[in-house]
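# Survey of secondary and tertiary structure
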Amino acid sequence: MADYYEKGPLGRQSRQVSRTTVVSASLAAIAIGGPLLGMMGFTFLASTTLLLVCFPLLVLFSPLLLSAAFLLVATLSGFAVAIAMALTGLSMLGWIIRETRLRFGALSNVGDSGHIMKGTKGGYFATTTA
């Protein structure tokens with residue numbers, strides 16, 4: 001047991017690793033990492049092969065894809081302009097309604113003699129001087 005722990009630098013005990021532990025850890029790493037590395041290589045090879053096979057079709061249909069992309073951009077920009085115009089129209093409609101209420105709403109309370117009429121119960125107006 002004395003040879004298992006030795007005094008290392010600065011007086012600390014350092015743990016010695018046996019050769020069988022290193023060999024078994026290396027074999028375990030190869031057993032786990034080998035198939036993973038193989039699957040990674042196969043995936044890269046399959047992706048590269050599919051890209052090389054499909055590249056002529058991509059070049060052949062690129063004008064169609066490009067025109068479809070332009071059509072999509074034009075459609076989205078048209079919708080954006082329509083939304084901006086709708087918001088502007090609703091804003092203007094609200095402004096018109098507010099201005100109409102301010103101008104004609106205040107004038108409806110003024111009588112012929114310039115007095116402000118208060119209360120509209122039963123069609124009778126009580127007038128007071130302002």
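Reading guide: rules and limits
As a convention, each chain's residues are numbered from 1 in the sequence order in which they are written. It should be noted that, the model being predicted, local features are given only for residues of pLDDT at least 70 and side-chain atom pairs only at 80 or more, the latter also being counted only at that level, while totals for whole chains, interfaces and linings use all residues. With hydrogens and water excluded, all non-hydrogen atoms of the structure serve as input to the side-chain values. Only DSSP runs of H or I covering at least 4 residues are called helices, and only runs of E covering at least 2 are called strands; the numbering of each starts at the N terminus. Burial here depends on accessible area, computed with a 1.4 Å probe over protein chains only, as a share of the maximum for the residue type. Under 20% is buried, over 50% is exposed, and the range in between is partly exposed. For this analysis, residues touch if any pair of their heavy atoms sits within 4.5 Å. Each residue after the first adds 1.5 Å to the expected span of a helix. To get the bend at any residue, fit one axis to the seven residues that end at it and another to the seven that begin at it, then take the angle between the two axes. Within this document, salt bridges are pairs made up of a side-chain nitrogen of Lys or Arg and a carboxyl oxygen of Asp or Glu, the two lying within 4 Å of each other. Patch building starts from residues that exceed 30% relative accessible area and form no salt bridge, then joins like charges within 9 Å and nonpolar side chains (Val, Leu, Ile, Met, Phe, Trp, Tyr) within 5 Å. The method behind every accessible area is Shrake-Rupley, applied with a 1.4 Å probe, and residues are considered shielded solely by the protein chains displayed.

## Observations concerning the overall build of the chain
What the chain contains, in helices and strands, is 2 helices and 4 strands. Within the chain, buried positions represent 1% of all 130 residues. Considering only contacts in the chain between residues 6 or more positions apart, those separated by 24 or more positions represent 0%.

## Quick look at helix α1 (residues 19–60)
With 42 residues, α1 should cover 62 Å at 1.5 Å per step; its first-to-last C-alpha distance of 61 Å lies within 8% of that length. Helix geometry: α1 is bent most strongly at Cys54, by close to 40°, with proline Pro56 lying one to four residues after it.

## Re the pattern of salt bridges
Side chains that differ in sign of charge can pair as their charged atoms come close. In this structure the tally under the stated criterion is 1 salt bridge. Notably, a salt bridge pairs Glu99 with Arg103, separated by 3.7 Å at the nearest N-O pair. Taken as a pair, Glu99 and Arg103 lie in helix α2 (residues 62–107) at a separation of 4 residues, close to a single helical turn. For Glu99, a relative accessible area of 24% puts it in the partly exposed group.

## Let's talk about a nonpolar patch on the surface
A surface patch of nonpolar side chains, amounting to about 820 Å² of accessible area, comprises Phe55, Leu57, Leu58, Val59, Leu60, Phe61, Leu64 and Leu65. Elements represented by at least two residues in the nonpolar patch include exactly α1 and α2. Top element by residues in the nonpolar patch is α1. It accounts for 5 residues. By the element assignment, Phe55 lies in helix α1.

Any functional reading would require information that these geometric values do not contain.
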